Amino acid sequence: MLKLGVNVDHVATVRQARKAAYPSPLEAALICEKAGASGITAHLREDRRHINDKDMAQLAAKVHRLNMEMAVTDEMVCIATKLKPHSCCLVPEKREELTTEGGLDISGNLQRITEAVNRLQDAAIIVSLFIDPDNEQIEAAYSIGAEFVELHTGAYANAKNEAAREKELKRLITAAEYADKTGLSVNAGHGIDYVNIDGILQMPFLKELNIGHSIVSRAVIAGMEAAVREMLDLMQEYPN
Ligand code: PXP
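The structure presented is a predicted model; accordingly, all values stated were derived computationally and were not measured.

Caption draft 1: Structural context of the environment of Arg 171. Take Arg 171: it is sitting in helix H8 (residues 162–182). Overall, Arg 171 belongs to the partly exposed group, its relative accessible area being 33%. Taking the C-alpha atoms as reference, Arg 171 lies 9.9 Å from Ala 155; in sequence the two are 16 residues apart. Leaving out residues up to four positions away in the same chain, Arg 171 has contacts with Asp 132 and Pro 133. At a separation of 3.0 Å, a polar atom in the side chain of Arg 171 contacts the side chain of Glu 168.

Caption draft 2: How the structure looks around the site of the ligand. The ligand sits among 14 residues. The nearest are Glu 69, Glu 150, Gly 191, Gly 212 and His 213. The side chain of Asn 7 places a nitrogen or oxygen atom 3.4 Å from an oxygen atom of the ligand. Glu 69 is positioned with one of its side-chain polar atoms (N or O) 2.9 Å from an oxygen atom of the ligand. Here the ligand, which alone exposes 400 Å², has 94% of that area covered by the protein. Of the residues assigned to the shell around the ligand, the class counts are three nonpolar, eight polar and three charged.

Caption draft 3: Molecular detail of the packing of helix H6 (residues 135–143) against H8. In contact at an axis separation of 10 Å, H6 and H8 are set at 25° when each is read in the N-to-C sense. What the angle tells us is that H6 and H8 run roughly parallel. Taken as a pair, H6 and H8 cross one another with a handedness that is right-handed. Side by side, H6 and H8 meet where Asn 135, Ile 138, Glu 139 and Tyr 142 of the first sit next to Ala 175, Tyr 178, Ala 179 and Thr 182 of the second. For the contact of H6 with H8, the per-class residue count stands at five nonpolar, two polar and one charged.

Caption draft 4: Fine view of the sheet that holds strand S2 (residues 39–43). Read once around its circumference, the closed barrel built from eight strands follows the order S1-S2-S3-S4-S5-S6-S7-S8, with strand pairing classed as parallel. The mean angle between the axes of side-by-side strands here comes to 25°, regardless of whether they run parallel or antiparallel. Bridge analysis of strand S6 (residues 148–152) against strand S7 (residues 185–189) gives five bridges, and the strand direction is parallel. Note on S7: the bridge partner recorded for His 152 is Gly 189.

Caption draft 5: Region of the structure containing the packing of helix H4 (residues 74–83) against helix H5 (residues 110–122). The contact between H4 and H5 brings their axes to 9 Å, and the two run at 10°. It follows from the interaxial angle that H4 and H5 lie roughly parallel. Seen from H4, the contacting residues are Asp 74, Val 77, Cys 78, Ala 80 and Thr 81; seen from H5, they are Ala 116, Arg 119 and Leu 120. Along the lines of polarity and charge, the residues of the contact of H4 with H5 split into five nonpolar, one polar and two charged.

Caption draft 6: Structural context of the nonpolar core. If you look at the biggest cluster of nonpolar residues, it comprises 61 residues, and the most contacted ones within it are Leu 90 and Leu 129. At five residues, H8 tops the list of elements feeding residues into this core. Excluding anything up to four places from it in sequence, Leu 90 contacts Met 70, Val 72, Leu 104, Ile 113, Ala 116, Val 117, Leu 120, Val 127, Ser 128, Leu 129 and Phe 130.

Criteria and thresholds
Residues numbered from 1 in each chain as written. Predicted model: local features only at pLDDT ≥ 70, side-chain atom pairs only at ≥ 80, totals over all residues. Heavy atoms only, no water. Helix = DSSP H or I, 4+ residues; strand = E, 2+ residues; numbered from the N terminus. Buried < 20%, exposed > 50% of the residue type's maximum accessible area, 1.4 Å probe, protein only. Contact = heavy atoms within 4.5 Å. Polar contact = N/O pair within 3.5 Å; in protein donor to acceptor, adjacent residues only side chain to side chain. Near = heavy atom within 4 Å. Areas by Shrake-Rupley, 256 points an atom, 1.4 Å probe, with all protein chains shown as cover. Nonpolar A, V, L, I, M, F, W, Y, C, P; charged D, E, K, R; others polar. Axes fitted to C-alpha atoms, helices over the stretch in contact; angles between N-to-C directions. Parallel < 35°, antiparallel > 145°, perpendicular 65-115°, else oblique. Left-handed = near helix turned anticlockwise from the far one by under 90°. Pairing = 2+ DSSP bridges. Core = buried A, V, L, I, M, F, W, Y, C linked by side-chain atoms within 4.5 Å.

Shown next, in the form of structure tokens:
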């Protein structure tokens, strides 16, 4: 069955907007698990703009299957080998970006990425490489011994019109077929929402989808009525 990994980064984004103690990414993660998510993903960015070190340590301790998203840096590899999440997804990271904008250039950073993959695998962590749907990157991922690739679905999700959307979907389908044939397991993620999921489900050989922003956004809207009612109930105590 196709698995769902929920990315809880943006629960921490809401918390960081006020530098408050809530909402808690861990609490959200435990609710996701209860609702049937197979895994939890969190990205410890170098600038700690949402998830911080304490969040990641708590998630690693309490969540059944944590996927730590991270840049290919010595600092991140050290943290991961200490926390031992179930898996790590290596992503490119730029400080100025709003979110992960493209896939890894594996062949262009071969030595650095190979060394990180080896160190993580030596610590018994499953490694996934976040790549664009591109044959050269798939071959490079296989050649350095990654178990998984996560195909970047952002270009499909952000396509401006139907023709572009179809073209990007075809690229994803072809890449999933090629990755499976090569011997890699295939995940996908980025920008997947409640509308564009229909096209994503046409991709063959998928093991897991990693979805964050749309689920956190939906949770805000779906939970708004209950949150307002709860506050009004507390206000009932005001003497008239
Ligand atoms: N997968 C990877 C590798 C990502 O970098 C992200 C964004 O953090 C996601 C999945 C989730 O993307 P979104 O928040 O758009 O669903």
